[in-house]
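Now for the letters of each chain:
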Amino acid sequence: DAGVTQSPTHLIKTRGQQVTLRCSPISGHKSVSWYQQVLGQGPQFIFQYYEKEERGRGNFPDRFSARQFPNYSSELNVNALLLGDSALYLCASSLEQGAWDIQYFGAGTRLSVL
Amino acid sequence: DQQVKQNSPSLSVQEGRISILNCDYTNSMFDYFLWYKKYPAEGPTFLISISSIKDKNEDGRFTVFLNKSAKHLSLHIVPSQPGDSAVYFCAANLLSGNTPLVFGKGTRLSVIA
C-alpha cells in the first residue's frame, strides 16, 4: 500500500513568490495535517483538515492557506514568500481526526526561498 | 515557549547497549505522548505512545516511561542496533479535544557498531 506522498520533493522560489505543495494521504485516511520543520527544530503544526473542513490552525500568518479535496488529498499554499519560509514541509494523514489516531508522515517537500 | 523539550541534541551508544532518550514537558494538560523516529530523507515514523493513565508502555525493544509528577518521559531502546541510528522526536497532545501534536526539537541517536 502506498504511504503518504508529497510533491514536489524539492522546490526553489524567490522572495515574494507563491508556492503550492501537494499531499496524497494513505488510502482511506480522512484527515490531513501540515507541519513546518525548520532546520534544527521539530515539526510545527500549521493546519489540520478533516472531511474537507479546517479543524485546526497553528500560529502561522494568513499567507499560509490550505484546502482538502473530495478525494482527501490536500494542498498547502504560501503567498508572498519570505526567506524564513525556507523549511521542510511535512504532510501527515490519519484515519480520523482524534488524538488517538496515529499520524503517518510523508517524506516532505523541501522549500528553499532565495 | 517550548512546551516539549528534548535537551540532548545528540547521543552516541555502543551497539547492544541501552539507549535512553529523554523528554520534558511544561504543559500539565498533556495526557498523550508519542515518540517518532526520523531517518534522513524520510518522514517521521510513529514508534510508540503512552497515555497519562499509564507509567510504562513496552513494544519489543522499545519502552516508554512516563513520570507525570516530574513532567518527564523517556524512551529506552534495548539492545540498541545500528539501524536505530536516527533522529527521535518526542511529541505530546491532549486526548480530549482536537489539539495538534506538539513536538520537541529531536535527539540524534548514533549507534556505533
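For the structure, see preceding data.
For every chain, the first residue of its written sequence is number 1, and the numbers climb from 1 along that sequence. Chain letters start at A and ligand numbers start at 1, both assigned in the order the entries are written. A pLDDT threshold of at least 70 governs which residues receive local features in this predicted model, and a stricter bar of 80 or more applies before side-chain atom pairs are shown or counted, although totals over entire chains, interfaces and linings include all residues. To get the side-chain values, take all heavy atoms of the structure and skip hydrogens and water.

**Quick look at the overall build of chain B**
Phase 1 of the analysis: Secondary structure counts use DSSP, requiring at least four H or I residues in a row for a helix and at least two E residues in a row for a strand, with both numbered from the N terminus. Within chain B one finds 0 helices and 11 strands.
Phase 2 of the analysis: Walking chain B from its N terminus toward its C terminus, one meets helices and strands in the order β-β-β-β-β-β-β-β-β-β-β.
Phase 3 of the analysis: Just to be clear, the radius of gyration here is over C-alpha atoms, and the globule rule we use is 2.2 Å times residues to the power 0.38. Over its C-alpha atoms chain B spans a radius of gyration of 13 Å, differing by no more than 12% from the 13 Å that the globule rule assigns to 113 residues.
Phase 4 of the analysis: Along the three orthogonal principal directions, the C-alpha set of chain B runs to about 45 × 30 × 20 Å.
Phase 5 of the analysis: Going through the 113 residues of chain B one by one, you find that 45% of them count as buried.
Phase 6 of the analysis: Here, two residues are considered to be in contact whenever any of their heavy atoms come within 4.5 Å of each other. Long-range contacts, defined as pairs at least 24 residues apart, comprise 54% of the intrachain contacts of chain B with a sequence gap of at least 6.
Phase 7 of the analysis: Note on areas: these come from Shrake-Rupley sampling with a 1.4 Å probe, and a residue is covered only by the protein chains present in the view. Entry remark: accessible area of chain B is about 5400 Å², with carbon and sulfur atoms responsible for 50%. For every residue, the accessible area (1.4 Å probe, protein chains only) is compared with the maximum for its type, and the residue is labelled buried under 20%, exposed over 50%, or partly exposed between those bounds.

**Considering the overall build of chain A**
Phase 1 of the analysis: Across its full length, chain A holds 0 helices and 11 strands.
Phase 2 of the analysis: Put simply, chain A runs from its N terminus to its C terminus through helices and strands in the order β-β-β-β-β-β-β-β-β-β-β.
Phase 3 of the analysis: Computed over the C-alpha atoms, the radius of gyration of chain A is 13 Å, within 12% of the 13 Å expected from 2.2 N^0.38 for a compact globule of 114 residues.
Phase 4 of the analysis: Principal axes of the C-alpha set define a box for chain A whose edges measure 35 × 25 × 25 Å.
Phase 5 of the analysis: The long-range fraction of contacts in chain A, counting pairs at least 24 apart against all pairs at least 6 apart in sequence, stands at 54%.
Phase 6 of the analysis: With the model as given, the accessible surface of chain A reaches about 5500 Å², and the carbon-plus-sulfur share is 50%.
Phase 7 of the analysis: When charges are tallied, Lys and Arg are placed among the positive residues and Asp and Glu among the negative ones, while His and the ends of the chain are skipped. In this description, the location of a charge corresponds to atom NZ of lysine, CZ of arginine, CG of aspartate or CD of glutamate. Each charge sign in chain A was given a centre, from 10 positive and 9 negative side chains, and these centres are 9 Å apart.

**Brief notes about the nonpolar core**
Phase 1 of the analysis: F33(B), W35(B), L73(B), L75(B) and Y88(B) are the most contacted members of the largest nonpolar core, which totals 24 residues.
Phase 2 of the analysis: Counting residues per element, this core draws most heavily on strand β9 (residues 86-93) of chain B, which supplies 4 residues.
Phase 3 of the analysis: For F33(B), the residues in contact, after removing those within four places along its chain, are Y25(B), I48(B), S49(B), I50(B), L66(B), L73(B), A91(B) and A92(B).
Phase 4 of the analysis: We define a nonpolar core as any set of buried Ala, Val, Leu, Ile, Met, Phe, Trp, Tyr and Cys residues linked to one another through side-chain atoms lying within 4.5 Å. Residues I26(A), F60(A), F64(A) and Y89(A) belong to the second largest nonpolar core, which totals 22 residues.

**A short note on the sheet that holds strand β7 (residues 64-68) of chain A**
Residues and elements named next belong to chain A.
Phase 1 of the analysis: Read from one edge to the other, the open sheet built from 4 strands follows the order β1-β3-β8-β7, with strand pairing classed as antiparallel. Lying at the two open borders of the sheet, with one neighbouring strand each, are β1 (5-7) and β7. Ignoring strand direction, the axes of neighbouring strands in this sheet form an average angle of 15°. We call two strands paired when DSSP finds no fewer than two bridges between them. Think of each axis as a best-fit line through the C-alpha atoms, taken over the contacting stretch in the case of a helix, with angles from 0 to 180 degrees between the N-to-C directions.

**Looking at the pairing of strand β3 (residues 19-24) of chain A**
Residue and element names in this part refer to chain A.
Phase 1 of the analysis: Of the strand pairs in this sheet, β1 and β3 are connected by 3 bridges, and their pairing is antiparallel. From the neighbouring strand, T5 faces β3, where its bridge partner is S24.
Phase 2 of the analysis: Strand direction decides the pairing type here: β3 and strand β8 (residues 74-78), joined by 5 bridges, are antiparallel. The residue bridging C23 from the neighbouring strand is S74, located in β8.

**Digging into the pattern of salt bridges**
Phase 1 of the analysis: A carboxyl oxygen of Asp or Glu within 4 Å of a side-chain nitrogen of Lys or Arg is what we treat as a salt bridge. Inspection of the entire model under this criterion finds 8 salt bridges over all chains.
Phase 2 of the analysis: Where E75(A) meets R67(A), a salt bridge forms, and the shortest distance between an N and an O atom there is 3.3 Å.
Phase 3 of the analysis: The exposure class assigned to R67(A) is partly exposed, which follows from its relative accessible area of 43%.
Phase 4 of the analysis: The residue R61(B) makes a salt bridge to D84(B) at a minimum N-O spacing of 2.8 Å. Here R61(B) is found in the loop between β6 (56-59) and β7 (62-67), whereas its partner D84(B) is found in the loop between β8 (72-77) and β9, with 23 residues between them in sequence.
Phase 5 of the analysis: According to the relative accessible area criterion, D84(B) is buried, its value standing at 3%.
Phase 6 of the analysis: Salt bridges sharing common partners tie together R22(A), R67(A) and E75(A).

**Some words on the environment of E96(A)**
Residues and elements named next belong to chain A.
Phase 1 of the analysis: One can find E96 in the loop between β9 (87-94) and β10 (104-105).
Phase 2 of the analysis: Spatially, the C-alpha atom of E96 lies 33 Å from that of I12, the residues being 84 residues apart in sequence.
Phase 3 of the analysis: Residues within four places of E96 in sequence aside, it is in contact with K30, S31, Y50 and D101.
Phase 4 of the analysis: Among the polar contacts listed, one links the side chain of E96 to the side chain of Y50, at a separation of 2.3 Å. Counting of polar contacts relies on pairs of N or O atoms within 3.5 Å, with two restrictions inside protein: one atom must be capable of donating a hydrogen and the other of accepting it, and residues adjacent in sequence are counted only when both atoms are side-chain atoms.

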